[in-house]
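Inside the fold
Spelled out from the first residue to the last, the chains are:
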Amino acid sequence: MFCVECGAEPEDLYDGLCRDCFIESKMKVKVDSPIKIDICPVCGSVRKKNNWIENPDLEAIMLDKIDDAISIPYEAERYGFNVEFEEEDPYNIVANISVKLEREEIVAEHEISVKIILKKVQCEICSKIHGNYYEAILQVRPTKKEMTEEQKELVIKKVKKRIEVKEGEKRNIFLTSQEEIHGGIDFYLSDTGVTKNLAREISNAVGGSVKSSAKLAGREDGQDIYRMTYLVRIPPYESGDFIEVEGSIYRVKKLKGGTGKVILKDIKTGKKVRMDDKELENAEVLGGDELINKSVVVSESEKEMKLLDPENFDTVTVLKPEGFETEDKEVDVIKVKRYLYIIEEESK
Ligand SMILES: [Zn+2]
Ligand SMILES: [Zn+2]
């Protein structure tokens, strides 16, 4: 038996070749060069196939890419490689690769240097942020009176909290812009679902109804793309306020978000009433806690109390709200248009 390549007559032949000729012609390694990796210059994300990896382990990604770039001959039964990286600058790296191929007891080793080019490409999210991308608008608007500073702060805080990116989380939820307009605030957000939830959350906190509308924004992959607007109409009253509706005085107990339903208490009778923001459209907001005064109890019967009017110290008879009881010598009252009303302490 002899080697078909060089004519030598060794003891063992591999595919008809002597050891040296086999290594020479069959145990070759090819590495595609240069290796290109897309890296976002804004946030440092790296593209892996169709995904952008945030906070990437760049070395692991380079090793993966090298593994993909190495072509091993099918004659090799096993292979392994080691890499030493040499940074020319942050975007140009040389990988010195030692590849080891094995076939039976034959070992072939190769040293190959490959250039790795990190190409600056803005990632999907950074280019969306940069391009003022938004999917939905959250509109928060007051009715009649201006939004209070507290309401504005609360609303902004809720939006900021929702878009906050925690360590290891994706940054795909972001606020593109925010503007104060018509006494309220508009938020342009990157995610429709999040905007919808925020609208509900805000209306739960400040009351009012949520209305949505869709606007055709274009077509993508043969499908119509809509941009949603979620409008939260903040009512002019807050929880704890006193309002007058068709001659009756109510205290706002609870603002139920989303539907615009409001739970009120008729302060004369002590009965709870439920109304919606339509029925309360013409409500007059009298004020909040600042209307409450102390009034001295002169005497008490089953249904009434004789009280001293805190303004002029006249003795007046006031109907007790249903279920009202007190041991105190003073009660909380408000005075609306000459009439005193007993205010039950809020259970908080
Ligand atoms: Zn040979
Ligand atoms: Zn980026």
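This one's a predicted model, so the numbers in the text were calculated from it and none came from an experiment.

Quick word on the sheet that holds strand β11 (residues 184-189)
- One open sheet holds the 5 strands; their spatial order is β10-β11-β9-β13-β12, and the pairing between them is mixed. Edge strands, defined here as strands with exactly one partner in the open sheet, are β10 (175-181) and β12 (210-220). Neighbouring strand axes in the sheet, compared pairwise and without regard to direction, differ in orientation by 15° on average.
- Taken together, the 5 bridges between strand β9 (residues 136-142) and β11 define a ladder with antiparallel strand orientation. Counted as the bridge partner of L138 is F187 from β11.
- Against the sheet, helix α5 (residues 192-206) touches β9, β11, β12 and β13 (223-234), its axis set at about 10° to β13.

So, the sheet that holds strand β21 (residues 315-319)
- If you walk across this open sheet you meet the 5 strands as β21-β20-β19-β22-β23, and the pairing is antiparallel. Across the chains shown, the open sheet's two edge strands, defined by having one partner strand only, are β21 and β23 (339-343). Within the sheet, the average angular offset between the axes of one strand and its neighbour, ignoring direction, is 50°.
- Two elements, strand β20 (residues 304-308) and β21, share 5 bridges in a ladder whose sense is antiparallel. Of the residues in β21, the one forming a bridge with L307 is V316.

Considering the nonpolar core
- Counting 22 residues, the largest nonpolar core has I37, M62, A95, I97, L101 and I116 as the members making the most contacts within it.
- Looking at this core, the elements with two or more residues in it are α1 (19-26), β2 (35-39), α2 (58-69), β7 (92-103) and β8 (106-120).
- Looking at this core, the element that brings in the most residues is β7, giving 5 residues.

Quick look at the packing of helix α4 (residues 149-163) against α5
- Packing of α4 against α5 brings their axes to within 10 Å, and their N-to-C directions diverge by 150°. Note on packing geometry: the crossing formed by α4 with α5 is right-handed. Where α4 abuts α5, its residues Q151, L154, V155, K158, V159 and R162 lie against V194, L198, E201, I202, A205 and V206.
- The residue inventory of the contact of α4 with α5, partitioned by class, reads 8 nonpolar, 1 polar and 3 charged.

Brief notes about α4
- Between its first and last C-alpha, α4 extends 21 Å over 15 residues, near the 21 Å set by a 1.5 Å rise per residue.
- Looking only at α4, the buried set comprises Q151, V155 and V159. The buried residues of α4 occupy an angular sector of 65° when the element is viewed end-on, so they sit on one face. Away from the buried face of α4 by more than 90 degrees, exposed residues E149, E150, E153, K157, K160 and K161 are located.
- The inward-facing, buried residues of α4 contact β9, β10, β11, α5 and β13.

Considering unusual backbone geometry
- In this chain, S33 is followed by P34 through a cis amide linkage whose omega measures -5°.
- Here P34 shows up in the loop between β1 (30-31) and β2.
- You will see that F313, though not glycine, has its phi angle at about 60°, which is positive.
- By the secondary structure assignment, F313 is in the loop between β20 and β21.
- You can call F313 exposed: it has 9 C-beta atoms within 10 Å.

Focus: the environment of R141
- Relative to the elements of secondary structure, R141 occurs in strand β9.
- For R141, a count of 16 C-beta atoms within 10 Å gives the class partly exposed.
- Residues R141 and E180, spaced 39 residues apart in sequence, show a C-alpha to C-alpha distance of 9.7 Å.
- Apart from the residues lying within four places of it in its own chain, the contact partners of R141 are H182, G183, G184, L231, R233 and I234.

Digging into the pairing of strand β15 (residues 248-255)
- Two elements, strand β14 (residues 242-245) and β15, share 4 bridges in a ladder whose sense is antiparallel. Its bridge partner lying in β15, F242 is registered against R251.
- Linking two consecutive strands that pair antiparallel, namely β14 and β15, is a turn of 2 residues; a positive phi of about 45° is found at E246 within it.
- Sheet analysis places β15 next to strand β16 (residues 261-266), joined by 5 bridges and oriented antiparallel. For L255, the partnering residue across the bridge sits in β16 and is V262.

The rules behind these values
Residues numbered from 1 in each chain as written. Chains lettered and ligands numbered in written order. Predicted model: local features only at pLDDT ≥ 70, side-chain atom pairs only at ≥ 80, totals over all residues. Pairing = 2+ DSSP bridges. Helix = DSSP H or I, 4+ residues; strand = E, 2+ residues; numbered from the N terminus. Axes fitted to C-alpha atoms, helices over the stretch in contact; angles between N-to-C directions. Contact = placed C-beta atoms within 7 Å. Core = buried A, V, L, I, M, F, W, Y, C linked by C-beta atoms within 7 Å. Buried ≥ 20, exposed ≤ 12 C-beta atoms within 10 Å, placed from the backbone. Left-handed = near helix turned anticlockwise from the far one by under 90°. Nonpolar A, V, L, I, M, F, W, Y, C, P; charged D, E, K, R; others polar. Expected span 1.5 Å × (residues − 1). Arc of directions from axis to C-beta.

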